[in-house]
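Secondary and tertiary structure notes
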Amino acid sequence: MQIPNSRQSKIGVFILTCRKSPKARLKSAQAGAQRSFPGFSITVIDGIIAEDSDVDRLIDPKAARRWSKRFPTRAEIATYGTHRIAWREMLDHGFDAAVILEDDFEVVDDGALNAVIAALPEIHGSRMDILKLFDFPSRRKNNPAIVRNLGDLPIVKWHSPHAGMVGYVISADGARKFLKRRQIFRVVDEDIKFYWELGLDVWSTKRHPLIDASNRLGGSLLEPARLSERQRRSLGRSLHG
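Attention in this report is confined to the structure presented alongside it. All of these numbers come straight from a predicted model, not from anything done at the bench.

Basis of the calculations
- Residues numbered from 1 in each chain as written.
- Predicted model: local features only at pLDDT ≥ 70, side-chain atom pairs only at ≥ 80, totals over all residues.
- Heavy atoms only, no water.
- Phe/Tyr/Trp six-rings, centres within 6.5 Å; stacked < 30°, edge-to-face > 60°.
- Buried < 20%, exposed > 50% of the residue type's maximum accessible area, 1.4 Å probe, protein only.
- Lys NZ or Arg CZ within 6 Å of the ring centre and 35° of its normal.
- Helix = DSSP H or I, 4+ residues; strand = E, 2+ residues; numbered from the N terminus.
- Arc of directions from axis to C-beta.
- Contact = heavy atoms within 4.5 Å.
- Pairing = 2+ DSSP bridges.
- Axes fitted to C-alpha atoms, helices over the stretch in contact; angles between N-to-C directions.
- Core = buried A, V, L, I, M, F, W, Y, C linked by side-chain atoms within 4.5 Å.

Attention now goes to the packing of aromatic side chains. In the structure shown here, the tally under the stated rule is seven aromatic pairs. Seen from their ring centres, F37 and F40 are 5.8 Å apart, and the 85° between their planes marks the pair as edge-to-face. Here F37 falls in the buried class, since its relative accessible area comes to 2%. Cluster of aromatic residues (ring-pair linked, three or more members): Y80, W87 and F178. A cation sits over an aromatic face here: R148 above W203, 4.8 Å from the ring centre. Sitting over the ring of F194, R186 keeps its end group 3.7 Å from the ring centre.

Printed below as a string of C-alpha cells:
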C-alpha cells in the first residue's frame, strides 16, 4: 500500500520508544512499520523516561491533584511527553497528519489498516483530529456512539472515548490543540476522554488494525509504577475522581 494522493497530503509515520524499551521491541516496531507503511517517511522518536527532568517541567501538580483521578506516575508523564515530542516533530516538518505508533504495537488486520491508509487524505481534509487504531475494552456498559464510513472504512465516535494510544492518526490541527497546554495533569489515555476541553474530534476504527502487544514484547513499562500508585491511592482521591 503506497501513500495515497501524496501530492495533496504530507503524512508521516512516527514510532515512539525510549532508552528503557527493550531493543527487540523497537526492532519489531520498525519492521512492522516498514512492512505496513511502504513509501511513508518513518521517524523514530527516542523519548523521555521517568528519571528525566523534563517530567518535572511537564507536570502541573496542582491541576493533577484537582482534576486527575490519581496522580500520574513519572513513567506515565514521560510517555505523554514522548507523544508531545512526536506532535511537535510532525508540525516542525510540515506534516498534514501523522500515524503515531508506540513501539509495542502489532498489526493484526492488514485489510483494516489498508483501509485506514486509503482514507488518510480524507482524514486530512476533514475536521477529524484523531482516529484511534486500537481501543481497550470500555468498562461502560452504555456508551452511545455515532457510526459512519470514511471511504470504505467504518469508524465510531464514542460518547466516552476508550483508553489505548498504542496507535492512532492525528491531524496537524489535532496536534496543535493538544500542544496548547504547556503542562499536563492527566495520563494521555485519560486526557483523550476529556476531548471537549481542547475541542478535539476523536474517532476510532470499528475494526482495530492494531493491538497492544506489550505482553509479547517484554511487558509493560508503565504497569509496575501504576500498581505501586494504586496501593498508595487514598479513598478520598478515588471518590473525588
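Right, let's get into helix α6 (residues 172-179). What α6 keeps buried is the set A172, G174, A175, F178 and L179. One face of α6 carries all of its buried residues, which in axial projection span an arc of 160°. Buried residues belonging to α6 abut α4 (74-92), β3 (97-102), β5 (130-132) and β8 (167-171).

Right, let's talk about the sheet that holds β8 for a bit. Pairing is mixed across the open sheet formed by eight strands, whose spatial order is β2-β1-β3-β8-β5-β9-β7-β6. Both outer strands of the open sheet, β2 (41-46) and β6 (145-150), are each paired with one neighbouring strand and no more. Between one strand axis and the next, the sheet turns through 25° on average, direction left out of account. Inspection of the sheet shows β6 paired to strand β7 (residues 153-158) by six bridges, in the antiparallel sense. Each residue of the ladder has a partner; that of R148, found in β7, is I155. The sheet contacts of α6 involve β3, β5 and β8, and relative to β8 the element is tilted by about 90°.

Along the polypeptide, D189 turns up in helix α7 (residues 188-191). Taking relative accessible area as the criterion, D189 reaches 18% and is therefore assigned buried. In this structure, D189 is in contact with A163, G164 and M165, ignoring residues within four places of it in sequence.

The biggest cluster of nonpolar side chains holds 35 residues, and the ones touching the most others in it are F14, W87, M90, I100, I170 and F178. Within the residue set of this core, elements represented by two or more residues are β1 (11-17), α2 (54-58), α3 (61-67), α4, β3, β8 and α6. In terms of residues, this core owes the most to one element, α4, which gives six residues. Once residues lying within four places of it in the same chain are set aside, the contact partners of F14 are T43, I45, A86, E89, M90, F95, A98, V99, I100 and L101. If you look at the next biggest cluster of nonpolar residues, it comprises 29 residues, including F40, M128, F134 and V166.

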